[in-house]
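Residue-level listing of the chains:
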Amino acid sequence: MKPIHLNKLSAILSMKWRTLLSKNFIIMPIFSLGITVVMNLVYGSLAASEGGEMNSTLRSMAAGLGALMNTAITGIACTGMALAEEKEKHTLRALMTSSVNGLEFFLGSILPAAALITAVNALIIPAAGLRLPAAGWGIWLGISLLCALASSVIGMIFGLCAKNQVTASTLTTVPMLVLVLTPTIGAFNATAEKISRFLFTGVLSNTVSALAEGTPKADLFGLSVIGAEIVLAAAVFLLVYRKNGYDPD
C-alpha cells in the first residue's frame, strides 16, 4: 500500500471542500433538506384533512425521502460532476504529475462528500420532527456515513468515465433514480422492497423507519450490504483510475 502524505491529503481535502461548498453543488444538499420540510408539511396536511394527525410513520417517510435524495444526489452527482470538472479543466492530470498518489486522491475526494452528506442527514431528522435517543443518533450517523461513502465512491467512478460535467450529469441520472425510487416504491410494493434490501439506500430507508418506530438497532445484514458495496465500488474505482493512466503504478 502506498504511503499517505498528510500535506498532500490536506491540500486535496481543502480543494474538494471548496468545490462542494460552491454555489454549483451546495444547492443539492440544501434541496434535499428543503424536500424533507416540504414533505413533512404535505403529510401533515393530508393527515389533518382525513381527521388524523401527524405521526412518526409519516415523519419517517419525509425524513427517508430527504435522506435518500441527499445521499444519492450529493454523493453520486456532486462527486461525479466535480471529478468530471477536474478532468475537463485538466486539474486531475496536474494533480497526478505533482506526485499525488491514487490513495491520497481517493481519500481526499470521498471524505468531504461523506462528511457533508452525513451532516445534512443529521439535520434532516429534526427537520422532519423526529426525536432520537442517544443510541438512535449513533446508529443513524453511522449508517449515514457508511452510505455516504458508498455513494461518493460510485460518483467518482462515473466522474472518471465522463468526458465533462454534462456527460457526468447524464450518466449519474439512472443510478440516482434507481437508488432513490427503489426504496421509496418499496414502501408500497413487495418486489421493490425485496430489491431495496440489497441496496445501501434501502438500508438507509429501513434504518430511519426503525428509528421512528422506536426500535433502533444495527442490522447485521444491512451493514454487510453496505460494506460489500463500498468494497466493490472502491475496487471498480481503482481499476478505472489505473486504466485511465492516472495511477499506473
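Since we're looking at a predicted model, the values are computed, not measured.

Trainee: I'd like a rundown of the overall build of the protein, residues and numbers included.
Mentor: Within the protein, the regular secondary structure consists of 10 helices and 0 strands. From first element to last, N terminus to C terminus, the protein shows the α and β order α-α-α-α-α-α-α-α-α-α. Seen through its principal axes, the protein has C-alpha atoms that stretch 65 × 35 × 35 Å. Counting over 249 residues, the protein shows a buried share of 50%. In the protein, of all internal contacts separated by at least 6 residues, the share reaching a separation of at least 24 is 80%. Counting only carbon and sulfur atoms, one obtains 67% of the accessible surface of the protein, whose full area is about 11,800 Å². When the 16 basic and 12 acidic side-chain charges of the protein are each reduced to a single mean position, those positions are 7 Å apart.

Trainee: Which residues make up empty space enclosed by the protein, and what are the values?
Mentor: If a probe as big as a water molecule is rolled over the atoms, it shows which places are left empty. Using the criterion set out here, one finds 1 cavity of 30 Å³ or more in the structure. By volume, the largest cavity is sized at about 60 Å³. For the largest cavity, the full set of lining residues is Lys16, Thr19, Leu20, Cys78, Thr79, Ala82, Ser109 and Ala113. If you list the elements that add at least two residues to the lining of the largest cavity, you get α1 (6–20), α3 (56–88) and α5 (102–127).

Trainee: Tell me what's going on with helix α10 (residues 220–243), and back it up with residues and numbers.
Mentor: The α-helix advances 3.6 residues per turn, and as a result positions three or four apart in sequence lie on the same side. With 24 residues, α10 extends 34 Å between its outermost C-alpha atoms, agreeing within 8% with the 34 Å of an ideal straight helix rising 1.5 Å per residue. If you check which residues of α10 are buried, you get Gly222, Val225, Ile226, Ile230, Ala233, Ala234, Phe237, Val240 and Tyr241. Between the side-chain oxygen of the N-cap and the backbone nitrogen of phenylalanine 221 there are 3.1 Å, and the N-cap of α10 in question is aspartate 219.

Trainee: An account of the layout of surface pockets is needed here, citing residue identities and associated values.
Mentor: A volume near 370 Å³ is recorded for the largest pocket. Contributing to the lining of the largest pocket are 20 residues, with Met61, Pro183, Ala187, Ser205 and Ser209 lying nearest its centre. Elements with a contribution of two residues or more to the lining of the largest pocket: α3, α7 (165–186), α8 (190–196) and α9 (200–212). No other element matches α3, which puts 6 residues into the lining of the largest pocket.

Trainee: Can you lay out the nonpolar core for me, pointing to particular residues and giving the numbers?
Mentor: If you look at the biggest cluster of nonpolar residues, it comprises 71 residues, and the most contacted ones within it are Phe105, Trp140 and Phe237. Within the residue set of this core, elements represented by two or more residues are α1, α2 (23–49), α3, α5, α6 (134–161), α7, α9 and α10. Here this core takes 16 residues from α3, the largest share from any one element.

Trainee: Lay out the packing of α2 against α5 in plain terms, naming residues and giving numbers.
Mentor: With their axes 10 Å apart at the nearest point, α2 and α5 run at an angle of 15° to one another. One element, α2, and the other, α5, form an angle in the roughly parallel class. The element α2 and its partner α5 pack so that their crossing is right-handed. Contact residues: α2 offers Ile26, Pro29, Leu33, Thr36, Val37 and Asn40, while α5 offers Leu116, Val120, Leu123, Ile124 and Ala127. Looking at the contact of α2 with α5, its residues break down into 9 nonpolar, 2 polar and no charged.

Criteria and cut-off values
Residues numbered from 1 in each chain as written. Predicted model: local features only at pLDDT ≥ 70, side-chain atom pairs only at ≥ 80, totals over all residues. Heavy atoms only, no water. Helix = DSSP H or I, 4+ residues; strand = E, 2+ residues; numbered from the N terminus. Buried < 20%, exposed > 50% of the residue type's maximum accessible area, 1.4 Å probe, protein only. Contact = heavy atoms within 4.5 Å. Areas by Shrake-Rupley, 256 points an atom, 1.4 Å probe, with all protein chains shown as cover. Lys, Arg positive; Asp, Glu negative; His and termini not counted. Charge placed at Lys NZ, Arg CZ, Asp CG, Glu CD. 1 Å grid on protein atoms, 1.4 Å probe; cavity = no way out; pocket = protein on both sides within 12 Å on 5 of 7 lines; lining within 4 Å. Points joined across faces, edges and corners; volume = space filled by probe spheres on them. Expected span 1.5 Å × (residues − 1). Polar contact = N/O pair within 3.5 Å; in protein donor to acceptor, adjacent residues only side chain to side chain. Core = buried A, V, L, I, M, F, W, Y, C linked by side-chain atoms within 4.5 Å. Axes fitted to C-alpha atoms, helices over the stretch in contact; angles between N-to-C directions. Parallel < 35°, antiparallel > 145°, perpendicular 65-115°, else oblique. Left-handed = near helix turned anticlockwise from the far one by under 90°. Nonpolar A, V, L, I, M, F, W, Y, C, P; charged D, E, K, R; others polar.

Note that every value here comes from positions in space, so none of it alone points to a role or purpose.
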